[in-house]
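The chain contents come next:
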Amino acid sequence: MFDPHAFRDALGSFVTGVTIVTARDAEGRPFGLTANSFNSVSLDPPMVLWSLSLQSGSLPVFRDAEAWAVHVLAADQQAMSDRFARAGADKFAELDDVDGAEGAPLIPGYAARFGCTARFEYEGGDHAIFLGEVTDFDRREVDPLIYHGGRYGRIMRSPTGEDLEREGLAERTGSALSLTASGAELLAALESVAKR
């Protein structure tokens, strides 16, 4: 028998970014929600997609919206993600009421933002899949917030020699790079943990 909980856990093995999708309802009120079901679709024309549960109270807003925006959250925006994941709260409290060029509410501090004209909606099982054409976008040089196995995370890049020097873990003598005392201590501690 197919176990939906095991299936969900298996899906959690895939690392995703965390986004907030925003739109305005017919009266101009801002709506937004946290979603990690975001993906690129096409470069020409530029298109992206995301999905929303058919049980979501926000579904009618996004079905009727002519435009919406996807904000890829920065690594320091976990609290913003949590805020927009809650149902019923005033998610836009204390945020400036500013729209992007496409007309969807702007969430500050993002890593990237994609303003879209709504193009298509499809039903896929228990979710609606929204496809939009990107009409404007913006990107900041910050690390994104990631989600894996039911928890938030951050990207850990492989360090370069310059990174090790900047952190005081290595020093350059001529063309050679060697560990400092602090670097050697850290390496010994990591090797000790790896042997356990």
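This text goes with the structure placed above it.
Rules used in this analysis
Residues numbered from 1 in each chain as written. Predicted model: local features only at pLDDT ≥ 70, side-chain atom pairs only at ≥ 80, totals over all residues. Heavy atoms only, no water. 1 Å grid on protein atoms, 1.4 Å probe; cavity = no way out; pocket = protein on both sides within 12 Å on 5 of 7 lines; lining within 4 Å. Points joined across faces, edges and corners; volume = space filled by probe spheres on them. Helix = DSSP H or I, 4+ residues; strand = E, 2+ residues; numbered from the N terminus. Nonpolar A, V, L, I, M, F, W, Y, C, P; charged D, E, K, R; others polar. Buried < 20%, exposed > 50% of the residue type's maximum accessible area, 1.4 Å probe, protein only. Contact = heavy atoms within 4.5 Å. Polar contact = N/O pair within 3.5 Å; in protein donor to acceptor, adjacent residues only side chain to side chain. Pairing = 2+ DSSP bridges. Axes fitted to C-alpha atoms, helices over the stretch in contact; angles between N-to-C directions.

Novice: I'm lost on the layout of surface pockets in this one. Help?
Specialist: By rolling a water-sized probe across the atoms, one finds the places where empty space is left. Of the volumes computed, that of the second largest pocket is approximately 220 Å³. M156, P159, L164, L169, L179, G183, L186, L187 and L190 together form the lining of the second largest pocket. Counting residues per element, the lining of the second largest pocket draws most heavily on helix α5 (residues 181-194), at four residues. Of the residues that constitute the lining of the second largest pocket, the class distribution is eight nonpolar, one polar and no charged.

Novice: Could you clarify how one ought to interpret the environment of L187 in this entry?
Specialist: For L187, the position within the fold is in helix α5. A C-alpha to C-alpha distance of 38 Å links L187 and F7, two positions 180 residues apart in sequence.

Novice: Just to check I follow, could you spell out the side chain of S81 for this structure?
Specialist: Structurally, the position occupied by S81 is in helix α3 (residues 78-85). Judged by its relative accessible area of 1%, S81 is buried. For S81, the contacting residues outside a window of four places in its chain are V18, I20, T34, L73, L145 and Y152.

Novice: For this particular structure, what's the right way to read helix α1 (residues 4-11)?
Specialist: Note that an α-helix has 3.6 residues per turn; residues three or four places apart therefore point the same way. Little of α1 sits inside the fold, with zero of its eight residues counted as buried. Its side-chain oxygen 2.9 Å from the backbone nitrogen of H5, D3 forms the N-cap of α1.

Novice: Looking at this structure, how should I read the sheet that holds strand β8 (residues 127-139)?
Specialist: Spatially, β3-β2-β6-β7-β8-β5-β4 is the arrangement adopted by the seven strands of the open sheet, whose pairing is antiparallel. Unpaired on one side and paired on the other, β3 (30-35) and β4 (39-43) mark the two borders of the sheet. Averaged over all pairs of adjacent strands, the angle between strand axes in this sheet comes to 30°, irrespective of strand direction. Sheet topology note: the strand β5 (residues 46-53)/β8 ladder contains seven bridges and is antiparallel. Each residue of the ladder has a partner; that of L49, found in β8, is L131.

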